[in-house]
Amino acid sequence: QVHLVESGGGLVQPGGSLRLSCAASGSIFSINAMDWYRQVPGKQRELVATSTDTGATTYTDAVKGRFTISRDNQQKMLFLQMNSLESEDTAVYYCNIQGITGRKRPFNWWGQGIQVTVSS
């Protein structure tokens, strides 16, 4: 079983910063992609940023230049540094990690979701 625990969310004023963390644990043989998604009520979950095992990263246009995704493969952790936050960034953010379990089975696990609220 693979578990993802997210932390670092909360309430911040427009223009402020937050850093989200996602820690993976359990029987993990390897990790491939580590991604961040976000979702607001009534809307489809959207991909925010991706990070591959080769170090390649991608971002949705809405966050380019403001958000930075990074990972620590040794600690099996994923981060999302969010700067210059806007009200439109308000959402529940989800970590998603894809890889291989210790029993050599593919997995695709989601974090519990963490609220980010940008408001004055």
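In this text the structure is predicted, and so the values were computed from the model without any measurement.

What counts and what doesn't
- Residues numbered from 1 in each chain as written.
- Predicted model: local features only at pLDDT ≥ 70, side-chain atom pairs only at ≥ 80, totals over all residues.
- Heavy atoms only, no water.
- Phe/Tyr/Trp six-rings, centres within 6.5 Å; stacked < 30°, edge-to-face > 60°.
- Helix = DSSP H or I, 4+ residues; strand = E, 2+ residues; numbered from the N terminus.
- Lys NZ or Arg CZ within 6 Å of the ring centre and 35° of its normal.
- Salt bridge = Lys/Arg side-chain N within 4 Å of Asp/Glu carboxyl O.
- Buried < 20%, exposed > 50% of the residue type's maximum accessible area, 1.4 Å probe, protein only.
- Disulfide = S-S within 2.5 Å.
- Pairing = 2+ DSSP bridges.
- Axes fitted to C-alpha atoms, helices over the stretch in contact; angles between N-to-C directions.
- Contact = heavy atoms within 4.5 Å.
- Polar contact = N/O pair within 3.5 Å; in protein donor to acceptor, adjacent residues only side chain to side chain.

**Student:** Sorry, what's going on with the packing of aromatic side chains here?
**Tutor:** Given two aromatic rings, their pairing is described by the distance between the two centres and the angle made by the two planes. With the rule as written, the count across this model stands at two aromatic pairs. For the pair tyrosine 94 and tryptophan 110, a centre-to-centre distance of 6.4 Å together with 85° between the ring planes defines the contact as edge-to-face. With tyrosine 94 in strand S9 (residues 91-101) and tryptophan 110 in strand S10 (residues 106-110), this pair connects stretches of sequence that are 16 residues apart. Taking NZ or CZ as reference, arginine 45 lies 4.7 Å from the ring centre of tryptophan 110, over its face. One Lys or Arg, lysine 104, reaches over the ring of phenylalanine 29 and ends 4.5 Å from the middle of that ring.

**Student:** Could you clarify how one ought to interpret the pattern of salt bridges in this entry?
**Tutor:** Side-chain pairing between opposite charges can occur once the charged atoms of the two side chains come close. This model, assessed by the stated rule, comprises five salt bridges. The partner of arginine 38 in a salt bridge is glutamate 46, and the shortest N-O contact between them spans 2.7 Å. Take arginine 38: its relative accessible area is 5%, and that puts it in the buried class. A salt bridge links aspartate 89 to arginine 38; the shortest N-O distance between them is 3.0 Å. Of this pair, aspartate 89 sits in the loop between strand S8 (77-82) and S9 while arginine 38 sits in strand S4 (residues 28-39); the two residues are 51 residues apart in sequence, bridging distant segments of the chain. There is no split in this pair, since aspartate 89 and arginine 38 are both buried.

**Student:** What's the story with the state of the cysteines in this structure? I'm lost.
**Tutor:** Inspection of the entire model under this criterion finds one disulfide. Between the sulfur atoms of cysteine 22 and its disulfide mate cysteine 95 the distance is 2.1 Å. Taking the sign of the S-S torsion, about -80° here, the bridge from cysteine 22 to cysteine 95 comes out left-handed. Of this pair, cysteine 22 sits in strand S3 (residues 18-26) while cysteine 95 sits in strand S9, placing them 73 residues apart in sequence.

**Student:** In this structure, what is going on with the sheet that holds S8? I would like to understand it.
**Tutor:** The strands that make up a sheet are held in pairs by hydrogen bonds between backbone atoms, and each pair lies either parallel or antiparallel. With respect to topology, four strands assemble into an open sheet ordered S1-S3-S8-S7, the strand pairing being antiparallel. Every other strand in the sheet has two partners, leaving strand S1 (2-7) and strand S7 (67-72) as the edge strands with one partner each. Mean inter-strand twist for the sheet, computed between neighbouring axes without regard to direction, equals 15°. Here S3 pairs with S8 via six bridges, running antiparallel. Note on S8: the bridge partner recorded for cysteine 22 is leucine 78.

**Student:** I'm lost on the environment of glutamine 13 in this one. Help?
**Tutor:** Relative to the helices and strands, glutamine 13 resides in the loop between strand S2 (10-12) and S3. Not counting the four nearest positions on each side in its chain, glutamine 13 is found in contact with Val118, Ser119 and Ser120.

**Student:** Help me understand the side chain of serine 51 in this model?
**Tutor:** Its location among the elements puts serine 51 in strand S5 (residues 46-51). By relative accessible area, serine 51 is classed as buried at 3%. Sequence-distant contacts of serine 51, defined by excluding residues within four places in its chain, comprise Asn32, Ala33, Met34, Asp35, Ala56, Thr57, Ile69 and Arg71.

**Student:** Explain the side chain of aspartate 89 to me, please; I cannot follow it from the model alone.
**Tutor:** With relative accessibility at 1%, the residue aspartate 89 sits in the buried group. In terms of polar contacts, aspartate 89 uses its side chain to reach the side chain of arginine 66, at 2.7 Å. A polar contact of 2.8 Å, which involves the side chain of aspartate 89, links it to the backbone nitrogen of glutamate 86. Discounting residues that sit within four places of it in the chain, aspartate 89 has contacts with Arg38, Val63, Arg66, Phe67, Ser84, Val116 and Val118.

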